[in-house]
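# Topology and contacts: notes
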Amino acid sequence: MALLVFPRFLLSSSSFTSFSASPHSLHWTRFQCSSRVVASSTRTVMKSSAAGNASVAVLWFKHDLRIDDHPGLLAAARYRTVIPLYVFDRRILSRFSDEMLELLLFALEDLRKSLKDQGSDLVIRFGTAEHIIKEFVKEVKATNIFAETEVEYELCRMMDVVKDTLATVSLPEGKPRIVQWNTLFYDIKNLEDLPASYDGLKKLNLPVISPLLPPKLPKLEVDLTLGSVPALDDLKKFINDSLGKSKDSWTTIKEMSAATVLFNSQFGPITSQTNGLGMSKSEETNHNSSDRWARRKKAGSVFVTRSGNLVGGGTSIVLNALAAYLRYLEGTARDDWQEVHQKLRDSETREGASFFALFGSALCLGIISRRRAYHEAIKYEKERNGGFLSPFGYSTATIAAVADSICSMEWYWLMASKNQSMEKGKFAIQIWRWKGFLIQYTFDGNEGPATLLVHGFGAFLEHFRDNIKCIAEGGNRVWAITLLGFGRSEKPNVVYTEVLWAELLRDFIVEVVGEPVHLVGNSMGGYFVSIVAGLWPAVAKSVVLINTAGSVVPQYSSVPFSMERQTLELPG
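Residue positions are given per chain, counting from 1 as you read along its sequence in written order. Restriction of local features to residues with pLDDT of at least 70 applies here, the model being predicted, together with a cutoff of 80 or more for giving and counting side-chain atom pairs; totals for whole chains, interfaces and linings are based on all residues. Hydrogen atoms and water are omitted, and side-chain values are computed over all heavy atoms in the structure.

Attention now moves to the overall build of the chain. Along its length, the chain carries 19 helices and 15 strands. Relative accessible area decides the class of each residue, using a 1.4 Å probe on protein chains only: under 20% of the type maximum gives buried, over 50% gives exposed, and in between gives partly exposed. Taking all 572 residues of the chain together, the buried fraction comes to 53%. Put simply, of all contacts in the chain between residues at least 6 apart along the chain, 76% involve residues at least 24 apart. Where helices and strands are cited, they refer to DSSP runs of H or I of at least four residues and of E of at least two residues respectively, numbered from the N terminus. Whether two residues are in contact is decided by their heavy atoms, any of which lying within 4.5 Å being enough.

Across the eight residues that make up strand 4 (residues 81–88), a large majority, eight, are buried. Side chains Thr-81, Ile-83, Leu-85 and Val-87 of strand 4 all project onto a buried face; the interleaved residues Val-82, Pro-84, Tyr-86 and Phe-88 project onto the opposite face, where all are buried too. Inspection of the sheet shows strand 3 (residues 56–61) paired to strand 4 by six bridges, in the parallel sense. When the bridges of strand 4 are listed, Trp-60 appears paired with Leu-85. By convention, orient the strands away from the viewer: a clockwise path from the first strand over the helix to the second makes the crossover right-handed. As for the winding sense of the linkage, the β-α-β connection from strand 3 through helix 1 (residues 71–76) to strand 4 is right-handed. Between any two strands, pairing holds if DSSP finds at least two bridges.

Once that is clear, we can look at the pattern of salt bridges. We count a salt bridge whenever a side-chain nitrogen from Lys or Arg sits within 4 Å of a carboxyl oxygen from Asp or Glu. Per the stated rule, a full pass over the model turns up 25 salt bridges. In this structure, Glu-152 and Arg-95 form a salt bridge, with 2.6 Å as the shortest nitrogen-oxygen distance. Of this pair, Glu-152 sits in the loop between strand 6 (144–148) and helix 5 (153–166) while Arg-95 sits in the loop between helix 2 (90–93) and helix 3 (98–117), and the two are 57 residues apart along the sequence. Residue Glu-152 is classed as buried on the basis of its relative accessible area of 5%. What you see here is one network of salt bridges that share partners, running through Asp-68, Arg-372, Glu-376 and Lys-379.

A few words on unusual backbone geometry. A negative phi angle characterises most non-glycine residues, just as the trans form characterises most peptide bonds. At Asp-69, a residue that is not glycine, the phi angle is positive and equals roughly 45°. Within the fold, Asp-69 resides in the loop between strand 3 and helix 1. Looking at Asp-69, the relative accessible area reads 0%, which means it is buried. Unusually for a residue other than glycine, Asn-205 sits at a positive phi of about 50°. Looking at the secondary structure, you find Asn-205 in the loop between helix 6 (198–204) and strand 8 (208–209).

Quick look at the packing of helix 12 (residues 315–326) against helix 15 (residues 370–384) now. All axes here are fitted lines through C-alpha atoms, helices being fitted over the stretch that makes contact, and every angle between N-to-C directions spans 0 to 180 degrees. The N-to-C vectors of helix 12 and helix 15 enclose an angle of 40°; their axes lie 11 Å apart at closest approach. Classified by the angle their axes make, helix 12 and helix 15 are oblique. As for how helix 12 packs across helix 15, the hand of that crossing is right-handed. Where helix 12 approaches helix 15, its residues Leu-319, Leu-322 and Leu-326 are matched on the opposing element by Arg-372, Ala-373, Glu-376, Ala-377 and Tyr-380. Charged residues are taken to be Asp, Glu, Lys and Arg, nonpolar residues to be Ala, Val, Leu, Ile, Met, Phe, Trp, Tyr, Cys and Pro, and polar residues to be all remaining types, Gly included. When the residues that make up the contact of helix 12 with helix 15 are grouped by side-chain class, the tally is six nonpolar, no polar and two charged. Under this scheme an angle from 65 to 115 degrees is roughly perpendicular, one under 35 degrees roughly parallel, and one over 145 degrees roughly antiparallel; angles in between are oblique. Working rule for handedness: look at the near helix, and if it is turned counterclockwise from the far one by less than a right angle, call the crossing left-handed; if clockwise, right-handed.

Before going further, it helps to spend a moment on the packing of aromatic side chains. The way to describe two aromatic rings as a pair is by their centre distance and the angle between their planes. Classification of ring pairs rests on two measures: the distance between centres of Phe, Tyr or Trp rings, Trp counted by its six-membered ring, which must be within 6.5 Å, and the angle between planes, read as stacked under 30 degrees, edge-to-face over 60 and tilted in between. Under the criterion given, the structure shown has 19 aromatic pairs. On the numbers, 4.7 Å between centres and 10° between planes, the contact of Phe-88 with Phe-126 is stacked. Of the two residues, Phe-88 is situated in strand 4 and Phe-126 in strand 5 (residues 123–126); the sequence distance between them amounts to 38 residues. A relative accessible area of 36% places Phe-126 in the partly exposed class. Between Phe-126 and Phe-238, the ring centres sit 5.3 Å apart and the planes meet at 80°, which makes this aromatic pair edge-to-face. Of this pair, Phe-126 sits in strand 5 while Phe-238 is found in helix 7 (residues 232–243), placing the two residues 112 residues apart along the sequence.

Strand order across the open sheet formed by five strands is 5-4-3-6-7, with parallel pairing between neighbours. Each of the sheet's edge strands pairs with one partner strand only, and the pair in question is strand 5 and strand 7 (177–181). Taken over all neighbouring pairs, the strand axes of this sheet differ in orientation by 30° on average, direction set aside. When strand 6 meets strand 7, the two strands line up parallel, connected through five bridges. The residue bridging Ile-145 from the neighbouring strand is Ile-178, located in strand 7. Across the sheet, helix 3 lies against strand 3, strand 4 and strand 5, angled at about 170° from strand 4, the strand it touches most. Where helix 4 (residues 129–140) meets the sheet, it contacts strand 3, strand 4, strand 5 and strand 6, and its direction lies at approximately 155° from that of strand 4.

What follows concerns the sheet that holds strand 14 (residues 540–546). Judged by pairing direction, the sheet is mixed, and its six strands sit side by side in the order 9-10-12-11-13-14 without closing on themselves. Two strands in the sheet have a free side with no partner beyond their single neighbour: strand 9 (430–434) and strand 14. Geometrically, the sheet is characterised by an average inter-axis angle of 25° between neighbouring strands, direction not taken into account. Where strand 11 (residues 450–454) lies against strand 12 (residues 477–481), five bridges are found, and the strand directions are parallel. From the neighbouring strand, Ala-450 faces strand 12, where its bridge partner is Arg-477. Helix 18 (residues 498–513) rests against strand 9, strand 10 (437–444), strand 11, strand 12 and strand 13 (517–522) of the sheet, and its axis sits at about 120° to strand 9.

A few words now on the nonpolar core. Residue types Ala, Val, Leu, Ile, Met, Phe, Trp, Tyr and Cys, when buried and joined through side-chain atoms within 4.5 Å, form a set referred to as a nonpolar core. In terms of nonpolar packing, the biggest core is built from 158 residues, with Trp-60, Leu-452, Ile-481, Leu-484 and Leu-505 touching the most fellow members. With 14 residues, the top contributor of residues to this core is helix 16 (residues 397–421). With residues near it in sequence (within four places) discarded, Leu-505 still touches Leu-452, Val-454, Ile-481, Leu-483, Phe-528, Val-529 and Val-532. Ile-429, Leu-453, Val-478 and Ala-480 belong to the second largest nonpolar core, which has nine residues in total.

Because each turn of an α-helix spans 3.6 residues, side chains separated by three or four positions end up pointing in the same direction. In a regular helix each residue adds 1.5 Å, so twelve residues correspond to 16 Å; helix 12 covers 16 Å between its end C-alpha atoms and thus fits that length. Of all the twelve residues making up helix 12, nine are buried; the element is thus mostly covered by neighbouring parts of the structure. For helix 12, every residue scored as buried is listed here: Thr-315, Ile-317, Val-318, Ala-321, Leu-322, Ala-323, Ala-324, Tyr-325 and Leu-326. Helix span is expected to be 1.5 Å times the residue number reduced by one.

Turning our eyes to something else, we now look at the pairing of strand 14. Pairing analysis gives six bridges linking strand 13 to strand 14, with the strands arranged parallel. The residue of strand 14 that forms the bridge with Val-517 is Ala-540. Taken together, strand 13, helix 19 (residues 524–535) and strand 14 constitute a β-α-β crossover, and its handedness is right-handed.

Below, the structure is given as structure tokens:
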């Protein structure tokens with residue numbers, strides 16, 4: 001693959017500090033959500049009959065690992081028996097990094113403890129959700145399975161499979177069914193009424209629904225094998241065994257970061273089997289995994305993973321860290337808060353970016369809800385201002401970071417929900433979650449080679465609206481993606497670089513396509529796909545560059561180029 005030379009400004013992080021939460025603009029706009037707060041009701045987005053005294057309900061936890069502000073738990077608590085369930089399903093777990101898996105295990109331990117404090121407990125199972133839930137509802141004779149609504153395409157498909165499987169089950173108590181719920185941020189009755197732009201949502205000035213307190217749960221008095229939370233190494237083995245050896249070797253490409261590939265190409269791979277402590281990587285993993293709870297208890301830290309970069313644990317731990325984050329300007333003598341303040345400074349790559357860097361994973365796992373985080377920020381703002389909110393913005397950068405990030409996340413979640421319920425236009429929009437961010441893509445074709453279309457700067461997947469169908473009808477399977485920060489994909493407050501976009505494309509090929517692809521890139525998209533093919537050649541069958549950004553420099557290529565394929569400097 002030839003080296004592509006691009007203007008130096010693309011390599012500067014400051015060049016990409018101005019992306020907006022509005023779908024089609026490229027400037028970051030600060031939006032103060034409505035200060036009006038309305039009391040939460042028990043209404044959830046579900047259709048459920050009143051609970052009978054003899055009824056059994058299953059609460060299926062997925063990305064809602066908390067009992068605070070949990071509408072599904074509140075609805076299920078009306079039943080005589082409520083059985084909390086978590087299923088280790090590879091379709092959910094395979095998308096997580098090792099650090100996220102570690103965070104998940106901490107969250108489940110804390111969730112179990114919270115449920116035990118209520119007289120309940122958490123049942124843990126391993127396998128495919130449809131099989132586990134089918135057998136579980138027959139065992140406990142449950143007629144209602146409460147589960148949070150999904151927006152990611154693959155998880156929506158999983159939910160459909162579970163529903164279809166339950167349709168084959170009949171119990172004397174009734175036919176079991178999935179009852180879906182979500183944590184409403186705004187009281188929007190119909191997603192079809194959702195404005196087309198973020199600015200349109202702001203103009204509605206919708207009040208934010210206040211979070212719910214944990215309900216009182218009935219005691220768990222059923223004879224069940226509860227199961228235990230696994231160690232990290234055991235969980236990774238389960239995932240790899242489920243995926244199979246070939247799939248596992250394919251997904252290891254994701255572990256090869258651009259920095260690692262470039263370092264190895266420059267200096268050669270590191271051959272030492274030990275780290276600086278004289279411990280092999282596997283020994284270090286086993287040691288840290290088995291000792292995770294002792295380390296956290298000893299340190300009293302809210303950063304519970306080995307890397308120490310993510311806030312995690314249970315809801316109370318995350319809320320404590322959030323309180324420290326919000327009060328950064330006040331200073332503190334508390335060791336745990338001082339650690340949060342230091343991590344804030346380290347991760348503030350641009351104004352406000354530290355919030356999602358530290359708390360994004362906890363939000364994605366549902367350890368705290370978006371509206372709980374927003375509520376805590378607004379409550380602190382009122383404390384600072386004698387109970388009032390200024391119309392001129394927030395009083396501290398940390399409050400603004402929390403409120404702006406939460407409102408942006410909610411907007412893109414609403415857009416994704418709307419896309420799942422409506423299929424309009426020439427192709428259906430699907431959602432993929434990458435590092436916690438919602439990415440839009442589309443797919444067409446039934447057979448043939450896999451082709452991925454990547455747009456240029458200022459564009460989105462609809463740029464190929466007149467090409468997707470034609471390419472698919474020509475005997476190809478076609479994916480088109482809207483890159484992070486563009487179109488209606490999420491626009492988080494992060495530093496945007498060509499390496500970030502290249503790694504996004506690599507992960508999309510591995511996780512969504514699942515096989516090497518023919519890469520087609522237009523303009524800046526051509527630059528990105530060339531980086532992908534150059535750094536991770538195993539994912540690319542070929543590269544097609546359309547009016548590409550950058551210049552081909554033949555002397556840096558291991559493959560000879562004909563004169564027609566070289567980019568030449570023209571006189572004048």
